Structure formats: structure tokens, C-alpha cells
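Coordinate inspection notes
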Amino acid sequence: MNSSGLVKRNDDADMMMQTMMMETMQPEHPIELERGVFTISIDFELIWGTLDLFGPDRFRRACQIERKEIIDRLLDLFVEFEVPATWCVLGHLFLERCGTSNGRKHPEIVRPVHSWHLKDWFEHDPGGAEGSDSLFLGRSLVEKIRACPVPQEIGGHSFSHVIFGDSGCSRETAESELAASVKAAREMGIEMRSFAFPRNEVGHLDVLKEYGFECYRGPERNWYESKNWSPQVKRFCHLWDVFRAATPSVALPEFTDSGLWNVPGSMVYFPMHGLRRYIPISSRVSRAIKGLHTAAQRKRVFHLWFHPTNLADQSGAMFDGLRRILESACSLRARREIEFLPMGSLAAADPLWREDSTNADLKTQGGISEVSVPSAV
Ligand SMILES: [Zn+2]
């Protein structure tokens, strides 16, 4: 297996990553972890994530803060705490520039037919090259992520934030989105293996597999998901869980029929705007710390995720909260109760977890620490 979206900084890191890139094997037995795992994934999309709902203006300011400050501050934190996070980057952000072909923007993309967006899917895309305040292009920011001294994984998030789980996203649309993303990433020398679905709506897993992805972030496994309740009631349950700092779900990665690993999310570090600003940041932090401790005790994965723009409102306090979460995770790591792993390593390392005596040696060599990249650089 060739390289991955995990960025390598030198030969040692390269060798270590090669060790990680063993052939993926389908487990015949339930997997187990040697210790808990802390995974962070970040949906990096600038304005594209809300374009179909609100146009380019509503979150313009948040995206400008994201460009100017948040990416740098996140990377600084990840260096300080040696966190190898997974950045699920929207394909359009890899582009150096974009324009029109025969008067049409992105003719390579088969347009989705989402019921809530009837105009051309690329109506707001201004084209041109990336500027210092571009909301649509982000190659310079991806380069910053790649240059991080603690290797960061670069994964995918579709090309233009089409909603894969919606019936308006055909197989052809999904294929065109993934083909364009993979092409744009490869032009930067990046091979992606991990994927976060726009709005977490899972769909077209077989197409994902076809385009070389190995794992995705599945929805959080909350207690109310199986209930036959309306989305509004479930949203209230989610807010209530955060308000009371309920322990988030922790899980083992699951090898699905699609041939992909599902690394379910545990908790979103959600922003201080809308209704959610009434929930104190301390509730988010307490909840995450409970998740970390539960992951350590039960040898499961605590998977925290967010958008960089989630830290745009009350930025200082939100970063302080994230720092408290990372401090707690680091003390568990120092006691060897938890390991920090990006999503792609969870998929790559799966042979090491099998309850199979042929892999016992690998397990006792510390399969998980073997794929922990920061100490190698
Ligand atoms: Zn474009």
C-alpha cells in the first residue's frame, strides 16, 4: 500500500508510516484495543459547508477568522500537545485556482438535485485564484497543515459539500465529487484514506471504497438515535446531553460490509452561536473529559470532531476549553491509558488488533504506539 494523507516530514516518519500502511485485513474476530484512543477529526471546508443553506454572507466573518487565526492556533495547540489530528478537507480547497469551461463552472461535477437548493450548485463560486481572504479556495492553508512539525492526516470531505446521504446525490454525483477531490489532492501529493461526510450524512460507501478511502466518521451513537422521534426532539436531546455534560458515546472502530472502517464520532465541540451559546463551554469540556476517561477505562475510541469555524465565536474561551481537553488527554497518555491516533491509523492498524494469535507478537510490541507518529519527528 502506498502512502496516505498523513504528512511525512522525514525518513524516520516515512518508515514509521510505511509500517502503518500494512494491508488492510478484514477481521474475522471482534477487534480489541490495547488501550483507549483519542481521535480528533476536523471538517475543513471554509464557506462551502453552509453555502447551500445561507449563501456566502452569513458565515463570511467566521471564515475570515478561520483563515486569519484559527488554523494557526489549532496547529500551535497540536504541536504543543503532540496531536496528530485528521483534517477532512473539502476537495475544492486543494485547488490553486478555478475557472469556467465553455461558460460553465466545474463541468466535471454531476450536479446534485437537493430539494432545498434548486439553482446551480456552483452559483456562488467566484472562480479565480486564492487570495488572502478567499472563502472558496484554501491551498495555502492546506500547505500550513502539511508543514506542521507534528504530522497531520489529510482526509476528504467531498469536493463541494454535496450531501451524500440525501436522495438528491446520485451515484454519478458521488463519483464525480470523489474523482475531483482525489485528483486535486494528488496534485498536491496527497493520498487520502479517511473521510467525513458533509453534515455526517452517510451514503455511497461503495463509491468511497472505489476511490481508495478506507475509513469514515460515522454518526455519533447517541441513546436517542434509535427512537422514533422527530429531528427537532433529537436535537433537543443532543442539547440536553451537552448541557448536563452526559458522558458521550465511545466505540470500537467497526469494519462494515462496504469494506470500510467506521470510526464513529463521539462528540462535536460545538460553537458558541445560536441556541448553543447558552450552554457553557465548561459543559462541553466536562463532557469531553468524561469521554476520554471512559475511553481509557473501556479501551474504546473517544472521537472529538468540529469545524475550525466552531471556534470563531468566543474564540479565546473556546480555545481555552480545547486546551483543557488536551491537557486531560495528555495526562492519560502519560499514564499510557490512552493513545492519540488519527482516523487513518485506526484503519491501517487493524491487523494489530485482531484477537488472533498470529498477531500476538504485533500486539505485544505495542501495535498502537507503533503507529503513533509524533514521537518519531
Ligand atoms: Zn471552483
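If you tally the helices and strands in the protein chain, you get 12 helices and 14 strands. Classification of the 377 residues of the protein chain by burial places 46% in the buried group. Restricting to contacts in the protein chain with at least 6 residues of sequence separation, those with at least 24 account for 82%.

As a further point, take helix H8 (residues 281-298). It helps to recall that an α-helix has 3.6 residues per turn; residues three or four apart then point in one direction. In a regular helix each residue adds 1.5 Å, so 18 residues correspond to 26 Å; H8 covers 26 Å between its end C-alpha atoms and thus fits that length. Of the residues making up H8, those classed as buried are Arg284, Val285, Ser286, Arg287, Ala288, Gly291, Leu292, Ala295 and Ala296. The secondary structure elements touched by the buried residues of H8 are strand E1 (36-44), helix H7 (231-243), strand E12 (267-268), strand E13 (301-306), helix H9 (315-334) and strand E14 (338-340). Within two residues after H8, Lys299 carries a phi angle of roughly 55°, on the positive side.

Another aspect to go through is the nonpolar core. In this structure, Val89, Leu292, Ala295 and Leu346 are the most contacted members of the largest nonpolar core, which totals 92 residues. It is helix H3 (residues 60-80) that provides the largest number of residues to this core, a total of 7 residues. With residues up to four places along the chain from it excluded, the contact list for Val89 reads Phe44, Phe94, Val142, Ile154, Gly156 and His157.

What follows concerns the environment of Pro149. Note on placement: Pro149 falls in the loop between helix H4 (139-146) and strand E7 (153-156). Look at Pro149 and you get exposed, because 12 C-beta atoms sit within 10 Å. Distance in space between the C-alpha atoms of Pro149 and Glu82 is 9.1 Å, their sequence separation being 67 residues.

Next up on the list: the environment of Leu141. Relative to the assigned elements, Leu141 resides in helix H4. Separated by 47 residues in sequence, Leu141 and Phe94 have C-alpha atoms that sit 9.1 Å apart. Dropping the residues within four chain positions of it, Leu141 is found in contact with Arg67 and Ile71.

Most of E1 is tucked away: 9 of the 9 residues are buried. In E1, alternate side chains face the same way, and those of Gly36, Phe38, Ile40, Ile42 and Phe44 on one face and Val37, Thr39, Ser41 and Asp43 on the other are all buried. Where E1 lies against E13, 6 bridges are found, and the strand directions are parallel. Within the sheet, the bridge partner assigned to Ile40 lies in E13 and is Leu304. Alignment of E1 against strand E2 (residues 86-89), held across 4 bridges, turns out to be parallel. In the strand pairing of E2, Ile42 is matched with Trp87.

This part covers the packing of H3 against H9. H9 packs onto H3 with a crossing angle of 20° between their chain directions and a minimal axis gap of 11 Å. Our classification of the angle between H3 and H9 gives roughly parallel. Pair H3 / H9 crosses with right-handed handedness. Of the residues in H9, those in contact with Ile65, Arg73 and Leu77 of H3 are Ser315, Phe319, Leu322, Arg323 and Leu326.

Next up on the list: the pairing of E7. Across the two faces of E7 the burial is the same, with Glu153 and Gly155 and Ile154 and Gly156 all buried. Sheet topology note: the E2/E7 ladder contains 4 bridges and is parallel. If you follow Thr86 over to E7, its bridge partner there is Glu153.

Next up on the list: H4. Among all positions of H4, only Leu141, Val142 and Ile145 are buried. Here the buried residues of H4 occupy an arc of 100° about the axis, which is enough to place them on one side. Taken together, the buried residues of H4 touch H3, E2 and E7.

Turning our attention to the packing of H3 against H4. The N-to-C vectors of H3 and H4 enclose an angle of 15°; their axes lie 10 Å apart at closest approach. Taken together, H3 and H4 sit at an angle that is classed as roughly parallel. Here H3 runs over H4; the crossing is right-handed. Counting all contacts with H3, which are made through Arg67, Ile71 and Leu75, the residues of H4 involved are Leu141, Lys144 and Ile145. A breakdown of the residues in the contact of H3 with H4 according to their chemical character gives 4 nonpolar, no polar and 2 charged.

Definitions and limits used
- All chains use their own residue numbering, which begins from 1 and follows the written sequence.
- Only residues with pLDDT of at least 70 are given local features in this predicted model, and only at 80 or more are side-chain atom pairs given and counted; all residues enter the totals for whole chains, interfaces and linings.
- In this text, helices come from DSSP runs of H or I with a minimum length of four residues, and strands from runs of E with a minimum of two, each type numbered from the N-terminal end.
- Backbone-placed C-beta atoms define the burial measure: a residue is buried with 20 or more other C-beta atoms within 10 Å of its own, exposed with 12 or fewer, and partly exposed in between.
- We call two residues in contact when their backbone-placed C-beta atoms lie within 7 Å.
- Helices are assigned an expected span. That span is 1.5 Å times one less than the residue count.
- In plain words, the nonpolar core is the set of buried Ala, Val, Leu, Ile, Met, Phe, Trp, Tyr and Cys residues that C-beta atoms within 7 Å link up.
- Only strands that DSSP links by at least two bridges are regarded as paired with each other.
- For every element, the axis is a line fit to its C-alpha atoms; helices are fit only across the contacting stretch, and the angle between N-to-C directions ranges from 0 to 180 degrees.
- To sort the angles, those under 35 degrees are grouped as roughly parallel, those over 145 as roughly antiparallel, those from 65 to 115 as roughly perpendicular, and the leftovers as oblique.
- Each crossing is labelled by how the near helix is turned from the far one, with a counterclockwise turn of less than a right angle marking it left-handed and a clockwise turn marking it right-handed.
- For this quantity, the arc is that covered by the directions from the helix axis to the C-beta atoms.
- Here the term charged refers only to Asp, Glu, Lys and Arg, the term nonpolar to Ala, Val, Leu, Ile, Met, Phe, Trp, Tyr, Cys and Pro, and the term polar to all other amino acids, Gly among them.

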